[in-house]
Amino acid sequence: MPERGKLKVALAVFWSFFGVRKRRDYDADAQDLTPSQVVIAGLIGAAVFVLSLLLLVYAVMQFVT
């Protein structure tokens, strides 16, 4: 997959996490992206989000104790 395609999938998933997708962008993504691309990018995005939260909690706990 070209780099531009990976970026498009990542941005689609990123904005979908926030729930602020425009209808025309959603329609364009529905035509261009495959479900497997979106699922894989969603899993990666969720893992990065959870790991970021864990790192943040760990850093805060280091300063508290």
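Placed above this text is the structure.
Conventions and cut-offs
- Residues numbered from 1 in each chain as written.
- Predicted model: local features only at pLDDT ≥ 70, side-chain atom pairs only at ≥ 80, totals over all residues.
- Heavy atoms only, no water.
- Salt bridge = Lys/Arg side-chain N within 4 Å of Asp/Glu carboxyl O.
- Helix = DSSP H or I, 4+ residues; strand = E, 2+ residues; numbered from the N terminus.
- Buried < 20%, exposed > 50% of the residue type's maximum accessible area, 1.4 Å probe, protein only.
- 1 Å grid on protein atoms, 1.4 Å probe; cavity = no way out; pocket = protein on both sides within 12 Å on 5 of 7 lines; lining within 4 Å.
- Points joined across faces, edges and corners; volume = space filled by probe spheres on them.

J.: Could you clarify how one ought to interpret the pattern of salt bridges in this entry?
T.: Pairing of side chains with opposite charge becomes possible as their charged atoms draw close. Throughout the structure, instances matching the rule amount to three salt bridges. Here Arg 23 and Asp 27 are joined by a salt bridge, their closest N and O atoms 3.7 Å apart. With Arg 23 and Asp 27 both in helix α2 (residues 23-32) and four residues apart, the pair spans about one turn of that helix. Residue Arg 23 is classed as exposed on the basis of its relative accessible area of 61%. Asp 27 sits in the partly exposed class, given a relative accessible area of 33%.

J.: Would you explain the layout of surface pockets in this entry?
T.: Take a probe with the size of a water molecule and roll it over the atoms, and the empty space left behind shows itself. Put simply, the largest pocket is a space of about 180 Å³. If you trace the largest pocket, you find it lined by Ala 12, Val 13, Ser 16, Arg 21, Tyr 26, Asp 29, Ala 30, Leu 33, Val 38 and Gly 42.

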